[in-house]
Amino acid sequence: MFVLAPLPFPHESLEPVISARTLRYHHEKHHGGYVKALNALLATAEIVPETLEAVIAAADKSRDRVLFNNAAQVRNHSFFWASMTPHRAPPAGELAEAISTQMGGIAAMKAAFVAAGVAQFGSGWVWLVSDATGELAITVSHDAENWQGEAGSTPLTVCDLWEHAYYLDHQNDRKGFLEAWFDALPNWEFAGKQYAAAQGRGEKWQHAAALVTA
Ligand code: MN
C-alpha cells in the first residue's frame, strides 16, 4: 500500500499564496483521497508493483483509467509538494543560466508559465520540464495526466491548476494565483537537482515506494 506522506513544510508556511486551510484540504482530502482510492484498487489487483511509477505505467498500458487517474494524482501531488518551499530563493547555477539563455530570463519564463496555465481549459497541471540535452520547455497536462508518456522529459517544477488548489484563496483568479505562486513558492534548488538529473547527473525524483504489507 502507498502512504500519504506528511507535507515537507508547515501548513501555514506557504501563506498568503496558499492558506493553511487550502493546504490542509488539498493534502488530507484531495491527495489523501487519491491515496485511499489507489490502495482500495490495488487491494483487488492481481499484481501489486512496488513502485508507484510501475503502477502508473501498467495502468496506462492496460487503459485502466480509474487506476491510472488515482495513481497519477498521488504522484503528481507528491511532486507538487516537492516543487514548493517556504524558503524563497532564485534559480541558481546552470538552471539559472538555461533560463536566461533559453527562456529569455526569469520574468519571461514566468509570463510563459502563467500564460500556459491560464490557457489550460479545465483541470490539470502546468510544468517546467527538461529533455536529456537540457532544453527547457513549459507544458500543460489535463486532469491526472503527467509527463510519463513523454520519453526523455523530466519535470523540474509543477503547479496544480485544479480549482481546489486555489479557489478558497483566490476564487476564480487562476492568473493571480499562478503569478503569486511563481514569485514565492517554487523550490528552485529542487528544480536545479532535477535539471542535472535530466541530463544524467544524479537521480531523478521518484515517489516513495509502496509499504510491504505481508
Ligand atoms: Mn490538487
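It should be noted that the structure appears before, not after, this text.
It should be emphasised that the depicted structure is a prediction, and the values quoted were computed from it without experimental measurement. (Residues numbered from 1 in each chain as written. Predicted model: local features only at pLDDT ≥ 70, side-chain atom pairs only at ≥ 80, totals over all residues. Heavy atoms only, no water.)

(A) Inspection of the coordination of the manganese ion at higher detail. Coordination of the manganese ion by the protein involves His 26 (NE2), His 77 (NE2), Asp 160 (OD) and His 164 (NE2), with metal-donor separations of 2.0 to 2.1 Å. Read N to C, the donor residues that coordinate the manganese ion are spaced as H-x50-H-x82-D-x3-H. Of this pair, His 26 sits in helix 1 (residues 20-43) while His 77 sits in helix 3 (residues 65-82), placing them 51 residues apart in sequence. Classification of His 26 by relative accessible area gives buried; the value is 2%. (Donors = N, O, S within 2.8 Å, 3.2 Å for Na, K, Ca; no water. Helix = DSSP H or I, 4+ residues; strand = E, 2+ residues; numbered from the N terminus. Buried < 20%, exposed > 50% of the residue type's maximum accessible area, 1.4 Å probe, protein only.)

(B) Focus on the pattern of salt bridges. In this structure the tally under the stated criterion is 7 salt bridges. As a salt-bridge pair, Lys 110 and Asp 183 come within 3.0 Å of each other at their nearest N and O atoms. Placement of Lys 110 in helix 5 (residues 106-119) and of Asp 183 in helix 7 (residues 174-184) is noted, with a sequence separation of 73 residues between them. Among the residues examined, Asp 183 registers a relative accessible area of 38% and is labelled partly exposed. The salt bridge partner of Lys 193 is Glu 189, with a shortest N-O separation of 4.0 Å. (Salt bridge = Lys/Arg side-chain N within 4 Å of Asp/Glu carboxyl O.)

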